[in-house]
Amino acid sequence: MSMTKEGFLETLIAQYKDEIEEALVESEHVYRLTIDYEILDQKISQLVKSAKIDGFDEKILWDLIQARIPSYVNYINFKVSGKKVA
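Note that the structure is predicted; figures quoted are calculated from it, not measured. Starting afresh in each chain, residues are numbered from 1 along the sequence in its written order. The model is predicted, so local features are restricted to residues of pLDDT at least 70 and side-chain atom pairs to those at 80 or more, both for listing and for counting; the totals for chains, interfaces and linings are taken over all residues. Water and hydrogen atoms were dropped before computing side-chain values, which therefore reflect all heavy atoms in the structure.

## Quick look at the pattern of salt bridges
Thinking step 1. Throughout this description, the term salt bridge denotes a Lys or Arg side-chain nitrogen within 4 Å of a carboxyl oxygen of Asp or Glu. Per the stated rule, a full pass over the model turns up 4 salt bridges.
Thinking step 2. Two residues, Glu26 and Lys43, come together in a salt bridge whose shortest N-O distance is 2.8 Å. Here Lys43 lies in helix α2 (residues 37-54) and Glu26 lies in helix α1 (residues 5-27), a separation of 17 residues in the sequence.
Thinking step 3. The cut-offs for exposure are 20% and 50% of the maximum accessible area for each residue type, with area from a 1.4 Å probe on protein chains only; residues under the lower value are buried, those over the upper are exposed, and the others partly exposed. Owing to a relative accessible area of 42%, Glu26 belongs among the partly exposed residues under this scheme.
Thinking step 4. Across the pair Lys59 and Asp63 runs a salt bridge, and its minimum N-O distance is 3.1 Å. A residue pair is termed a helical-turn pair when its members lie 3 or 4 positions apart in one helix, as Lys59 and Asp63 do in helix α3 (residues 58-68) at 4 residues. A run of DSSP states H or I qualifies as a helix once it reaches four residues; a run of E qualifies as a strand once it reaches two. Both are numbered from the N-terminal end.

Structural measurements only, silent on function.
As structure tokens, then:
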């Protein structure tokens, strides 16, 4: 049974959605009221590396992250812009 390219991509998207959710849950504190962005950043960095190995488009991954954890994308943007100022 061969899987089409679209089917494979849908499978990868579902897998990465699950991994993003898992990273988020593992980074939450105090009854899921706060997020430890440093821990989340480490977990997302690992996902980005895995995506590259899997041949999964990094833009799709970031779109999934933006959809699920927009505050993390804001954190990254602030972190990057903060380094430029310093």
